[in-house]
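These are the residues of each chain, in order.
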Amino acid sequence: MKFKLQNLLKIALILSVFGTTIDTWLHGDSINSFLFLNLNLSDNFATGFSKIFSLITLIVCLLNLYSDYFKKLLWVPFSWFLSIAITTTLLHSSFGYEVSLLTKSMRYLLPLIILYGFNTKKSILFFKIAISTTFIGHGIEAMLEHPVFMDYLFDFFSGYLNVEPSLSTVRHTLFIIGLIDILMALTIWFNRNNFNLTYFFIWGLITALERIDYMGINGIYDFLMRAPHFFIPLSFLIYNIFKDKNFSIQKQDVSI
Amino acid sequence: MKLLKLFLIGFLFTLSTYARDVQHMRIVWHEDPATEAYVAWTTKGLIPTGRNRVYYDTKSHGGDYKKYKYSKRAFIQKPYSYSFSFLHAVKLKDLKPSTKYFFVIRSGKDTTEEFHFITAPNNPNEEFELLFGGDSRSDQAARRKMNLLMKDIIKANPKTLALVHGGDYVANGLSWKEWKEWLDDYQLTISDEGRVLPIIPTRGNHEISKALYDDIFIWPGNIIRPNYYTTKIAETSLITLNTNWIVGGPQKNWLKKELKKASKDSKWILANYHRPAYPAVKKPGRALKHWVPLFEDYQVDLVFESDGHVLKRTAPIYRNQVDFEKGITYVGEGGLGVKQRSPSKKDAWYFQSPGYAVSAHHAMKLRVTPDKLYFSVHLEDLSLYDEMEITPRQR
């Protein structure tokens, strides 16, 4: 099997952009709200701008899958995802309560990881920043008792374990989850090993799948937009495993 | 040293001068508005405990505080969260239902003019009206206009008792500056005769930090059941929920209990919360999964939602289909000042006739009578946009 890990990341980016584009077209996004509410632009312009921005981003990602010739255009998805994170933060204006710049970092840094090539010095730095900030951001939200996470836990306990948990059980569980997330996120700066990469992959996948479990079919694009949360650690995990087993690995664009 | 003493005296004098300004007077209703009400206000400086009182009576005394029959000391005196201004609140208890209460606030040496409000009835045969609306953030000029509209509505309708605000009062719930402006603007709803429109509050997503929200709407130390409650007015149960907290789990269980109770002791059941289950703009909130089946099981009469910045009314919905017999109508989406959007989902199945979704600032009015609920929508020029009658349900 000849498969480039760089392509795995490109697929993750397309899935994430596709999910976010559907979300934007169906329900609007924070860029649209920011242009309309904070910059006083017309609703039609704001909505149109958001939709076109998302479409251009999707086209750029597809072109990039087709050929590396369009590599430089990866700044477009980076800008788009970063704009979503910034406008979400500005719209809620509550620093400390709105940590989208942290939680969405895997999404906006993935294009840069691809741009600088898999497993290069720069992409590893972006990978570490993306993993640590995303998990620290979610860890903070969990420790601050994010109501959506609490709902997921209540559903999980009653749906899968068939027990009705008390509020304090859910609070404590979420606190522990948040703490583990933050501690694990820090480990990436000291040692990138199979253990922490497996944790990031499994936890990223479970929390993305939870969207489908909770919202049914409406949760599919929420799941897709979180594709980088499990694809990025997965690609580095595959690299680690195969590197250890002395498979054929190149420094850039690793193939296994 | 002398200079320091002089400075301190000067500073304290300035502080006490500032302290005289009683601002942001408001009445907040929670669970039993027939017999209870919170009167709250702001001062710029700290005033010693015991010198913050509300003097009240069922007769007017023109503002001479010594003549009022009753007086009550503030039970909350503290700085607002993230602010140097001070909150004072008095809880009036054992009030008579359907009664006009006149009151003045005395803080330090400053006494306000006389205001009044009317308590809710407890007689099921008595008619009353409530105003509904949400999202008064971001556009101050439009918010002021809507507040003046509400003032006109209560002037023309003495039976209009209170405003049920659907949340998102300000853009940044952590900003005292924004709340101060909101509270200043709310004074525009006070009629020329001094009639105050009590607020039944709902928490929105812009009140994500609850500290200031809890200060302003008097939720002291409410940790166990945060910001959801039932307001009972005669045979009407208005269930206000919190979409900014756990929607399933404890809140869902509580809602189920409340609906069970209300289905036995109330002719009319209303629900009110911020994030819509059947939205006109954004994606559906978690209420769709956890609360809507309960609303349908217990046949809630009308549901108020906010957040979308449009005006909407859905067709009656039951089990995700239009059903004119068992269906529940969802109205609202917030138009008390925030810039109005184009409703991107106006062609969704749940907006088929008689449903609609349009872009317009609005306030909604509900007249509760023993036989029917009369729902109406008023635009910012006071014109009537929509009307609907609801008859009692079989439960």
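Peer 1: Is there a simple way to think about the overall build of chain B in this case?
Peer 2: Assigned secondary structure in chain B consists of seven helices and 24 strands. Here chain B has a C-alpha radius of gyration of 21 Å; the compact-globule value for 395 residues is 21 Å, and the two agree. Seen through its principal axes, chain B has C-alpha atoms that stretch 80 × 40 × 40 Å. Looking at chain B as a whole, 62% of its 395 residues qualify as buried. Taking contacts inside chain B between residues at least 6 apart in sequence as the whole, the part at least 24 apart equals 70%. Distance between charge centroids for chain B: 7 Å, based on 59 positive and 44 negative side chains.

Peer 1: Mind showing me how you'd approach the interface of chain B and chain A here?
Peer 2: How big an interface is tends to be stated in terms of accessible area lost as the parts join. Taken together, the contact pairs 32 residues of chain B with 29 residues of chain A. At the junction of chain B with chain A, the criterion picks out four salt bridges. Lys289 of chain B is paired through a salt bridge with Asp155 of chain A; the nearest N and O atoms lie 2.9 Å apart. Here chain B is connected to chain A by 17 residue pairs in polar contact (both at pLDDT 80 or more). Contributions of two or more residues to the side of chain B that touches chain A are made by α5 (249-265) and α6 (287-290) of chain B. The element that contributes the greatest number of residues to the side of chain B that touches chain A is α5 of chain B, accounting for three residues.

Peer 1: Could you clarify how one ought to interpret the environment of Leu234 of chain A in this entry?
Peer 2: Residue and element names in this part refer to chain A. Within the element layout of this structure, Leu234 appears in helix α12 (residues 227-244). Through-space distance from the C-alpha of Leu234 to that of Tyr199 is 9.9 Å; in sequence the pair is 35 residues apart. Among all residues touching Leu234, those that are not within four sequence positions of it are Leu8 and Phe201.

Peer 1: It is not clear to me how the nonpolar core should be interpreted in this structure. Could you clarify?
Peer 2: One broad rule of soluble globular proteins: the nonpolar side chains tend to lie buried together. Phe103, Trp179 and Phe217 of chain B are the most contacted members of the largest nonpolar core, which totals 81 residues. In terms of nonpolar packing, the next biggest core, distinct from the first, is built from 56 residues, Leu35, Leu197, Phe200 and Leu234 of chain A among them.

Peer 1: Where do I start with the packing of aromatic side chains in this structure?
Peer 2: Each aromatic ring pair is specified by the distance between its two centres and by the angle formed by the two planes. Using the criterion set out here, one finds 49 aromatic pairs over all chains in the structure. Between the aromatic rings of Trp80 of chain A and Phe81 of chain A, the centroid separation amounts to 5.2 Å while the plane-to-plane angle is 40°, which identifies the pairing as tilted. Aromatic side chains Tyr152 of chain A and Tyr214 of chain A sit 5.0 Å apart centroid to centroid with 70° between the ring planes, which places their arrangement in the edge-to-face category. On the criterion of sequence distance, the pair formed by Tyr152 of chain A in helix α8 (residues 147-160) and Tyr214 of chain A in helix α10 (residues 194-215) is long-range, its members being 62 residues apart. In terms of burial, Tyr152 of chain A and Tyr214 of chain A fall into one category: buried. An aromatic cluster is defined as three or more aromatic residues linked by ring pairs; in this entry it consists of Tyr56, Tyr70, Tyr101, Phe103, Phe115 and Phe117 of chain B. A cation over an aromatic ring shows up here: Lys289 of chain B above the ring of Tyr214 of chain A, its NZ or CZ 4.4 Å from the ring centre.

Peer 1: Help me understand helix α6 (residues 105-115) of chain A in this model?
Peer 2: In an α-helix, one turn spans 3.6 residues; hence positions three or four apart end up facing the same way. Counting buried residues in α6 of chain A gives 11 out of 11 residues, a clear majority hidden from the surface. The complete set of buried residues in α6 of chain A reads Ser105, Met106, Arg107, Tyr108, Leu109, Leu110, Pro111, Leu112, Ile113, Ile114 and Leu115 of chain A.

Peer 1: Would you explain the packing of helix α2 (residues 30-38) of chain A against helix α3 (residues 43-66) of chain A in this entry?
Peer 2: For any two helices packed against each other, the geometry comes down to the angle between their axes and how far apart the axes lie. Residue and element names in this part refer to chain A. Two elements in contact, α2 and α3, have axes separated by 8 Å at closest approach and are oriented at 155°. One element, α2, and the other, α3, form an angle in the roughly antiparallel class. The element α2 and its partner α3 pack so that their crossing is right-handed. Of the residues in α3, those touching α2 at Ile31, Asn32, Leu35 and Phe36 are Asp43, Ala46, Thr47, Phe49, Ser50 and Phe53. For the contact of α2 with α3, a count of residues per class yields six nonpolar, three polar and one charged.

Thresholds, definitions, all that
- Residues numbered from 1 in each chain as written.
- Chains lettered and ligands numbered in written order.
- Predicted model: local features only at pLDDT ≥ 70, side-chain atom pairs only at ≥ 80, totals over all residues.
- Heavy atoms only, no water.
- Helix = DSSP H or I, 4+ residues; strand = E, 2+ residues; numbered from the N terminus.
- Rg over C-alpha atoms; globule rule 2.2 N^0.38 Å.
- Buried < 20%, exposed > 50% of the residue type's maximum accessible area, 1.4 Å probe, protein only.
- Contact = heavy atoms within 4.5 Å.
- Lys, Arg positive; Asp, Glu negative; His and termini not counted.
- Charge placed at Lys NZ, Arg CZ, Asp CG, Glu CD.
- Salt bridge = Lys/Arg side-chain N within 4 Å of Asp/Glu carboxyl O.
- Polar contact = N/O pair within 3.5 Å; in protein donor to acceptor, adjacent residues only side chain to side chain.
- Core = buried A, V, L, I, M, F, W, Y, C linked by side-chain atoms within 4.5 Å.
- Phe/Tyr/Trp six-rings, centres within 6.5 Å; stacked < 30°, edge-to-face > 60°.
- Lys NZ or Arg CZ within 6 Å of the ring centre and 35° of its normal.
- Axes fitted to C-alpha atoms, helices over the stretch in contact; angles between N-to-C directions.
- Parallel < 35°, antiparallel > 145°, perpendicular 65-115°, else oblique.
- Left-handed = near helix turned anticlockwise from the far one by under 90°.
- Nonpolar A, V, L, I, M, F, W, Y, C, P; charged D, E, K, R; others polar.

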